[in-house]
Every structure is written in structure tokens, then in C-alpha cells.
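# Survey of secondary and tertiary structure
Residue strings, one per chain:
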Amino acid sequence: MTHRPATASARSVDEYRDTVAALLAHLADRPDEQVPVPDALGRVLAADVTSPIDLPVFRNSAMDGYAVRAADVAVTPVTLPVAGVVAAGRPGTEMLPEGAAMKVMTGAPLPPGADCVVPVEDVQAGTDRIVVERGRARGEFVREAGTDVRAGELVTRAGTVLAPRHIAALAAVGMPTVPVLTRLRAVCLTTGDELRPAGSVLAPGQIYNSNGIGLAAALRADGVDVLEIAHSTDDASMFARVLRSAVARADVVFTSGGVSKGDFEVVKEVLGPLGGTFGSVAVQPGGPQGYTVVDGVPVLSFPGNPVSTMVSYTVFARPAIRALAGLPAPASRELTLLTPIRSPAGKRQFLRGLTSDDGVEVVSGPGSHLIAGMAWADALVDVPAEVTTLDVGTTVRILML
């Protein structure tokens, strides 16, 4: 491992990540909202939910069979008269006569007096009488009221990301709606005359617009409601118009492109006079960065190379976005390096890596345009700014994608 001094003129990764977190911190004050339980999948519960009822609601049969008294079937085979039938959904209030059976369906109320159920498989059934071939003990195949959850007991805890199992439990106790964290609303705004939508025919010098789609996917995966994937050419008036529409609707706006030192940096051109801050972070990829507050709405501006956009979001914005969404912090690990690394002096590098039981290997070059190579990665290998070489076998920190 080789070390060199870090570059002092650019912001550090940690400093800029903290700046982004501070810029977004006020968004934690948004109110919760009530959503119908069937629509709550993937939402984050804002408060504990307790059951308003006992579950099961009433004592019922766990099997299709016959409700009996255990004492009446203690010695088998035994013949018992059938005193009636209790179907699911019926009140089931008729008392079971002594020395008799009542036919019951799964989920049907157990008649008063019965204390166990003999499954149909253990019975020779007739019209008016049955022969019980195997007895059952008191309580067998009986679901007692409240054995799943009692009224007032906790069903789901605040902070839970609601999965199908939670939705089923909430529905079972009769909750029509639940309180959830309100999702952040975002607009992704890409810039560039060269960008065209997927499916179009590319003219010379044109490329497909992947940044907006990729960034929107990352935001949605982190619990954000993406209102629009917008695009502007390099014309300043068009960018200003699209930006105004975005900040009028969104809690946060992400732009991609137009923040470097070229001749057509439309994002800097428009946002600079509005108080935008633009500069370099000692990182590769994703060095040029910017942020602005427009009409109270944070605007985070990432560089336009596709890998730079994705890495910028992952490193600088994702921790704060997930915290605001009520989701766990992005996972990081320490693994053994399986491929050697060379890194530029003074820049903290995030290389695309693929993890395994043996460690992590670099699966793509460092170029900020190699977005297809990033598809093979499941992590970013975090190389400190002062490190220029890493040998195989070195322990490295990774950020899981």
C-alpha cells in the first residue's frame, strides 16, 4: 500500500456529504400521512399499530371435522349422533348436546360445550351418526380467541418497512389505513443537446439519456416519489423554465450535467446567479459538484458522465435520503481485495466491485463513462485519497449498491 498527501484545494468526500445532509435536513419535518392498508406495501410505518380486536376474534375450528367433547371420544371407536352443522360465517351459538357431535368447517365457531375437533379423516361419516375411530384430547384443533394477538397488543412497530406479511396482519385485525412517513418528492433533471430518449434513432454525436432514468431508479429504491424525469437542452432559458416547474412541485431536485468547466455548462450558468455553489470534491468519479436552494427547494447538481451521476448520488446523497425515508443506512463492509488497484494521488476513488465469499474484485475500469460495466458490480470499493496502490489481500471498505 502506497500513501501520498491528499489534495487540499478540493473539498473532502466526508465534508461534502455532510454539506448535502445539512441541506436536506429540514425535509425531516414533513407530516405523516394515512394510506389504505392495501396500498401501504413498501411504505415506512410512522407509528406503532396495536390491534383493535382479539385475533382469532372467536373460538373456532382449525379443521373440517366434528366438534365433540374429549370425554365422549376418550375410548374409540365410538358412535355419536350428529346434532347439527356449523358453517364458517354462522353464529355457532347452539349448545352441543352431551354425547353428540356437530359437524364444523375450518374457521367456523366452535359450539358451546365442545372442547376439541375430530378431523373428517378420523371419522366414518353417516347422515345422522358418525363413528369416531380416533379420539382427540381437550383443545386439539381448537383455535382459542386471542391466541394470535390480543386487543391492544402491538401488531407492527414504527419504522417498519411494510412487507406483504405486515399488510396481511394489518388487514386481519381490520385496519383500514395506517400512518406512514410521507415520501419525499423529487424531480430528476438532465441536461445536454446530445441526449435522446431510448427507442429513438441516434444521429451522429448523440447518445441515449441514461442519467435521469438511472438516478430516478436509485431514488425510488430509496423510498422517494419521483414526480418526473425531465430534460433540458443546453439553452439557458429552457433550463430555467424546466427548473422552475421542478421546484414548484418537488421537495428536492437533482440535476445531471452542466457543472464542469466546459463552454456549455447551463446548470452553472443559471444557478450561479441564484446563489449556487459549485466546486470540486477530491473524488473520482464525480469531482465537479454543486448545490443551490431555489425558492426553498434544495437543488443538487451532479456531473453528467453516467457513472459520475450514479456514484455522486450513492456517496453524497443516498445516506441522507434513506435517513429521511426512514430506511436503514446504506450497508458497508470490509472485505479482502482480490485484484490490485492503482489510484490517483489526492482523490478518494470509488471503483466498481463484485463481492463474493472470497472478497471483492474490481469489475470495471475507473472511467466515468463505463456505465455498462457498472451493471456487473454490486459494490463500490472505497479507496482513500492518500492511497495510490492497493495489493491483493488488502482489507478494503466497500459500499453495497
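The sections below set out a description of the structure shown in this document. Each chain carries its own residue numbering, running from 1 in the written order of its sequence. Confidence filtering applies because this is a predicted model: local features only for residues at pLDDT of at least 70, side-chain atom pairs given and counted only at 80 or more, and all residues used for totals across whole chains, interfaces and linings. In computing side-chain values, all of the structure's heavy atoms are included and hydrogens and water are not.

### Remarks on the overall build of the protein chain
Scanning the protein chain for helices and strands turns up 7 helices and 29 strands. Here the protein chain has a C-alpha radius of gyration of 32 Å; the compact-globule value for 401 residues is 21 Å, and the former is much larger. Counting only C-alpha atoms and orienting by the principal axes, one finds that the protein chain spans roughly 95 × 50 × 45 Å. With a 1.4 Å probe rolled over the protein chains alone, any residue whose accessible area is under 20% of its type maximum counts as buried; one over 50% counts as exposed, and the rest are partly exposed. Taking all 401 residues of the protein chain together, the buried fraction comes to 45%. At a minimum sequence separation of 6, the contacts of the protein chain that also span at least 24 residues come to 70%. Strands here are runs of E lasting at least two residues and helices are runs of H or I lasting at least four, both read from the DSSP assignment and numbered beginning at the N terminus. For the radius of gyration, the atom set is restricted to C-alpha positions; the globular benchmark scales as 2.2 Å times the number of residues to the power 0.38. Throughout, a residue-residue contact means that at least one pair of heavy atoms, one from each residue, lies within 4.5 Å.

### What to know about the layout of surface pockets
Every definition here rests on a 1 Å grid over the protein atoms only: cavities are sets of points where a 1.4 Å probe fits but cannot get out, pockets are open sets enclosed by protein on both sides within 12 Å along at least five of seven lines, and lining residues have some atom within 4 Å of a point. Grid points are joined across faces, edges and corners, and a volume is the space filled by probe spheres set on the points. Approximately 250 Å³ is the volume found for the second largest pocket. If you trace the second largest pocket, you find 15 residues lining it, with Gly 214, Ala 218, Met 310, Thr 314 and Met 374 closest to the centre. For the lining of the second largest pocket, the secondary-structure elements that each account for two or more residues are helix H3 (211-221), helix H6 (306-324) and helix H7 (371-374). Of the residues forming the lining of the second largest pocket, the biggest block, 5 residues, is contributed by H6. Only Asp, Glu, Lys and Arg are considered charged in this grouping, and only Ala, Val, Leu, Ile, Met, Phe, Trp, Tyr, Cys and Pro are considered nonpolar; every other residue, Gly among them, is considered polar. In terms of residue class, the lining of the second largest pocket is made up of 9 nonpolar, 4 polar and 2 charged.

### Considerations on the environment of Val 123
If you trace the backbone, Val 123 turns up in strand S9 (residues 123-125). When neighbours within four sequence positions are excluded, Val 123 is seen to be in contact with Tyr 66, Val 118, Ile 130, Val 131 and Val 132.

### Digging into the sheet that holds strand S22 (residues 297-302)
The pairing criterion is simple: DSSP has to find at least two bridges between the two strands. Within the open sheet, the 6 strands sit side by side as S17-S14-S18-S22-S21-S19. Their pairing is mixed. This sheet does not close on itself; its edge strands, each paired only once, are strand S17 (225-232) and strand S19 (277-280). Pairs of neighbouring strands in the sheet enclose a mean axial angle of 15 degrees, with direction left out of account. Inspection of the sheet shows strand S14 (residues 185-191) paired to S17 by 7 bridges, in the parallel sense. In the strand pairing of S17, Cys 188 is matched with Ile 229. Running at roughly 150 degrees to S22, H6 makes contact with strand S18 (252-256), strand S21 (288-294) and S22 of the sheet. As a rule, the C-alpha atoms of each element are fitted with a line to give its axis, helices using only the stretch in contact, and angles between N-to-C directions run from 0 to 180 degrees.

In short, shape yes, function no, at least from these values alone.
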